[in-house]
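In case you want the letters, here they are:
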Amino acid sequence: MSKPTPLSGFPELLPAQRAVEQQVLDTLRHVFELHGFAGVETRAVEPLDVLLRKGDTAKEVYLLRRLHETSADGHAGLGLHFDLTVPFARYVLEHAGHLEFPFRRYQVQKVWRGERPQEGRFREFTQADIDIVGRGELGTHHDAEVARVMVDALRRLDFLPGFTLQVNNRKVIAGYYAGLGITGGELVDEVMRQVDKLDKLPVESVRGELVGPVGLDDATAERVLALAAVRATDAAALEADVRALGVTDPLLEEGLAELVGVLGACAGLVDDRVSVVADLSVARGLDYYTGTVFETRLRGWESLGSICSGGRYDALATDGRTTYPGVGISFGVSRVVVPLLARTGLAADRAVPSAVLVALPDEASRAHADAVADRLRARDVPCEVAATPQRFGKQIRYAERRGIPYVWFPAPAGTDGETTEHEVKDIRSGEQVTADPDTWTPPTEDLRPRVQAKEQQ
RNA sequence: GUGGGCGUAGCUCAGCUGGUAGAGCGCCGCGUUGUGGUCGCGGAUGUCGCGGGUUCAAGUCCCGUCGUUCACCCCA
């Protein structure tokens, strides 16, 4: 086979980069579990009617087809999941009898979308979701909770740039519009869709759309834009800014109270890398969000769009008798990690887990070297034995190439007692000392690969 | 799906009006046959994406195709 070409949209990482992604995944899992979320994995495929329940999105779903498919449709009626929310909703219905509600779960898996790839947008990528789902009811304090958990996870990834969590509430938007006399589901949705473009288009363009194709009068359009211009980082300012717009409506009040609640609950998480802001221009295009909505921007990486989004669904799932409301948030692992690796020098300081290379003087000593390695491993020191008994200079170079910080020189296997001692060399400093394989341990920072940001591109 | 850019050594790239495929980095060896990095000397790189055409002659020009990339569209 000649050299294979890469497949666009299906990113693969080299070991030193994968180590970074794994550290991200380890951190996410650790924090999600710290907050009491249970891990779930769902199958990669769902029946098409489950996947397509939310609308006409068939063209972006990858279908499953046997090579010798003989059915009338030419496929098995199964597709790869394109997010983790839809499979989770199905999972909740299927296993409702065995779950305790409110049910809190995290789910980190690959998903697939038949889109044209771009930076941070792939056809196969990893998402990390957390959701809390209730049976019949779910308190709005959980909206703040999922935000807090995700912020807690992201802030611990200290090699990532800082970020801003943007929060809004659809009830605020819908209530405000109702107060302005904008009614009717379609019109409200269309106005929201235009407002949602404010982060990409200049205000004038959006205003033009609102008074033109959408059909608002100038004054109403202006007030719609006024709401979308509100930004606030504390509850008092938010309430003051919204009230100053002079619209009153019961739904607006309800949404505002929820939004204030989320903002207040997240206040303690803010530091110089993390900000949380009520941004009333955030609408999310999806019509199934019913209350709180989230988006997240990475500082300096705004072109990536939102790297972590989600919100509240009053009806995440329903079986006709029972409705399961949910609130969740999803972090785009690949969307962040892959561009970051590509555009900065971010990588692990070694491509292999080994902290120690056990040198091999000659092939006859392999069993002895293996035994030394096992004594190190017994105390959780990752190590490997040199592949071939080359001269030691080459074995040191072997370690250096891989970023392994220590080379271990075993004491000769004496038949009448060991007269010499084991030695271990830190190949960065050149320092070499005698050591006991049953007690020697590298400094903690050398035990595992470390993630380091190299020079910016 | 639409439009533009780009495909030459492991990597980054140069290659003029068509005339014997190059550089840097990396890699391998030796100096130094059980202690690397620096330095010196030496060495190997290749279906110039693929197919066809024009030509005495194509990496170079033309057509097609595949891949890749950026933008648009879309975005759960």
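Residues numbered from 1 in each chain as written. Chains lettered and ligands numbered in written order. Predicted model: local features only at pLDDT ≥ 70, side-chain atom pairs only at ≥ 80, totals over all residues. Heavy atoms only, no water.

Pairing in this open sheet of nine strands is mixed, and the strands run β1-β4-β5-β11-β10-β9-β6-β8-β7 from one edge to the other. Edge positions in the open sheet fall to β1 (38-39) and β7 (231-232), since each of these has one partner strand only. Bridge analysis of strand β4 (residues 103-112) against strand β5 (residues 124-133) gives 10 bridges, and the strand direction is antiparallel. Considered in β5, the bridge of Val111 is made with Phe125. Against the sheet, helix α4 (residues 141-156) contacts β4, β5, β6 (163-169), β8 (274-279), β9 (292-298), β10 (308-318) and β11 (323-332), and its axis sits at roughly 20° relative to β11. (Pairing = 2+ DSSP bridges. Helix = DSSP H or I, 4+ residues; strand = E, 2+ residues; numbered from the N terminus. Contact = heavy atoms within 4.5 Å. Axes fitted to C-alpha atoms, helices over the stretch in contact; angles between N-to-C directions.)

Strand order across the open sheet formed by five strands is β14-β13-β15-β16-β17, with mixed pairing between neighbours. Every other strand in the sheet has two partners, leaving β14 (383-385) and β17 (432-434) as the edge strands with one partner each. On average, adjacent strands in this sheet sit at an angle of 25° to one another, irrespective of strand direction. Strand direction decides the pairing type here: strand β13 (residues 356-358) and β14, joined by three bridges, are parallel.

Here we come to unusual backbone geometry. With an omega of -5°, the peptide bond between Phe101 and Pro102 qualifies as cis. Within the fold, Pro102 resides in the loop between α3 (85-95) and β4. The residue Asp380 is not glycine, and still its phi comes out positive at about 65°. Structurally, the position occupied by Asp380 is in the loop between α12 (366-377) and β14.

By the assigned domains, chain A splits into domain 1 (162-299) and domain 2 (356-448). Here the C-alpha centre of domain 2 lies 61 Å away from the C-alpha centre of domain 1. (Domains from an automatic or database assignment.)

As a further point, take the pairing of β4. By the criterion of burial, β4 is predominantly enclosed, with seven of the 10 residues buried. Direction of pairing for β1 relative to β4: parallel, over a ladder of two bridges. Its bridge partner being in β4, Ala38 is matched across the sheet by Arg105. (Buried < 20%, exposed > 50% of the residue type's maximum accessible area, 1.4 Å probe, protein only.)

Let us look at the side chain of Asp143. The topology assignment puts Asp143 in helix α4. Aside from chain neighbours lying at most four places away, what touches Asp143 is Val262, Thr292, Phe294, Arg312 and Val327.

Quick look at a positive patch on the surface now. Residues Arg391, Lys394, Arg397 and Arg401 make up a contiguous surface patch of positive charge. Secondary-structure assignment places Lys394 in helix α13 (residues 392-402). (Patch = residues over 30% accessible without salt bridge, like charges linked within 9 Å, V, L, I, M, F, W, Y side chains within 5 Å. Areas by Shrake-Rupley, 256 points an atom, 1.4 Å probe, with all protein chains shown as cover. Salt bridge = Lys/Arg side-chain N within 4 Å of Asp/Glu carboxyl O. Lys, Arg positive; Asp, Glu negative; His and termini not counted. Charge placed at Lys NZ, Arg CZ, Asp CG, Glu CD.)

Counting 80 residues, the largest nonpolar core has Phe32, Tyr177, Leu238 and Phe331 as the members making the most contacts within it. If we ignore the near neighbours within four places in the chain, the residues touching Tyr177 are Ile182, Val188, Val191, Met192, Val195 and Val224. Core analysis: the second largest hydrophobic core is formed by 26 residues, Val356, Leu357, Ala359 and Trp408 among them. (Core = buried A, V, L, I, M, F, W, Y, C linked by side-chain atoms within 4.5 Å.)

Counted according to the given criterion, the structure contains eight aromatic pairs. Residues Tyr406 and Trp440 carry aromatic rings whose centres are separated by 5.1 Å and whose planes lie at 75° to one another, so their mutual orientation is edge-to-face. Here Trp440 lies in the loop between β17 and α14 (444-447) and Tyr406 lies in strand β15 (residues 406-409), a separation of 34 residues in the sequence. An aromatic cluster is defined as three or more aromatic residues linked by ring pairs; in this entry it consists of Tyr406, Trp408 and Trp440. When the ring centre of Tyr406 is taken as reference, the NZ or CZ atom of Arg428 above it lies at 5.4 Å. (Phe/Tyr/Trp six-rings, centres within 6.5 Å; stacked < 30°, edge-to-face > 60°. Lys NZ or Arg CZ within 6 Å of the ring centre and 35° of its normal.)

With that out of the way, let us pick up the pattern of salt bridges. Side chains carrying opposite charge are able to pair once their charged atoms draw close together. Tallying each qualifying case throughout the model produces 25 salt bridges. Glu239 is the partner of Arg243 in a salt bridge, and the nearest nitrogen-oxygen pair spans 3.4 Å. With Arg243 and Glu239 both in helix α9 (residues 235-243), this residue pair falls four residues apart, about one helical turn. Judged by relative accessible area, Arg243 falls into the partly exposed class, the value being 44%. Given the relative accessible area of 29%, Glu239 is considered partly exposed.

This part takes up the environment of Arg65. Topologically, Arg65 is positioned in the loop between α2 (48-51) and β3 (78-80). Taking relative accessible area as the criterion, Arg65 reaches 54% and is therefore assigned exposed. Here the alpha-carbon distance between Arg65 and Gly79, two residues 14 residues apart in the chain, equals 8.9 Å. Excluding anything up to four places from it in sequence, Arg65 contacts Gly74 and His75.

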